Amino acid sequence: MSFNISALVLFGILLAMLIRSKSVGMGGATVAILFGYYLSRTGIAAPIDQVMSAIAHAVPALDK
């Protein structure tokens, strides 16, 4: 069984959890940056979206 979740929703939830736990380190900063790019959809959002899509397609292939 699989389901799809928007990257914006995923990064938003992760950022909210990191802020609440007051553990915003290097990983939290990365999540915040990715959330900001997806939220604003700047010119660099398309390449980031392509990288994230490639990672999303590569992860299931690791099982094989």
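Refer to the structure above for everything that follows.
In this text the structure is predicted, and so the values were computed from the model without any measurement.

Draft legend 1. Spotlight on the overall build of the protein chain. Scanning the protein chain from N- to C-terminus turns up three helices and zero strands. Sequence-ordered secondary structure for the protein chain, helices as α and strands as β, is α-α-α. Considered along the principal axes of its C-alpha atoms, the protein chain spans approximately 35 × 30 × 20 Å. For the protein chain, buried positions account for 14% of its 64 residues. Of the roughly 5000 Å² of accessible surface on the protein chain, 69% is carried by carbon and sulfur atoms.

Draft legend 2. Helix α1 (residues 7–21), seen in detail. With 15 residues, α1 should cover 21 Å at 1.5 Å per step; its first-to-last C-alpha distance of 21 Å lies within 8% of that length. Two residues or fewer after α1 comes Lys-22, characterised by a positive phi angle close to 55°.

Draft legend 3. Broad picture of the nonpolar core. Counting residues in each nonpolar core, the largest one holds seven residues, listed as Phe-11, Leu-15, Val-31, Leu-34, Phe-35, Tyr-38 and Ile-48. Mapped onto this core, the elements with two or more residues apiece are α1 and α2 (26–40). Take this core: its biggest share by element is four residues, from α2. Sequence-distant contacts of Ile-48, that is, excluding residues within four places in its chain, are made with Leu-34, Tyr-37 and Tyr-38.

Reading guide: rules and limits
- The numbering scheme is per chain: residues are counted from 1 as the chain's sequence reads.
- Given that the model is predicted, a residue must reach a pLDDT of at least 70 before its local features are reported, and side-chain atom pairs must reach 80 or more before they are shown or counted; all residues, however, enter totals for whole chains, interfaces and linings.
- Excluding hydrogens and water, the side-chain figures rest on all heavy atoms present in the structure.
- Put simply, DSSP marks the helices as runs of H or I at least four residues long and the strands as runs of E at least two long, and each gets a number from the N terminus on.
- Partly exposed describes any residue whose relative accessible area lies between the buried limit of under 20% and the exposed limit of over 50%, with all areas from a 1.4 Å probe on protein chains only and scaled to the type maximum.
- For accessible areas, the Shrake-Rupley method is used with a probe of radius 1.4 Å. Any residue's cover is judged against the shown protein chains and nothing else.
- Multiplying 1.5 Å by the helix residue count minus one yields the expected span of that helix.
- Among the buried residues, those of types Ala, Val, Leu, Ile, Met, Phe, Trp, Tyr and Cys that are joined through side-chain atoms within 4.5 Å form a nonpolar core.
- Note on contacts: a residue pair qualifies if any of its non-hydrogen atoms lie within 4.5 Å across the two residues.

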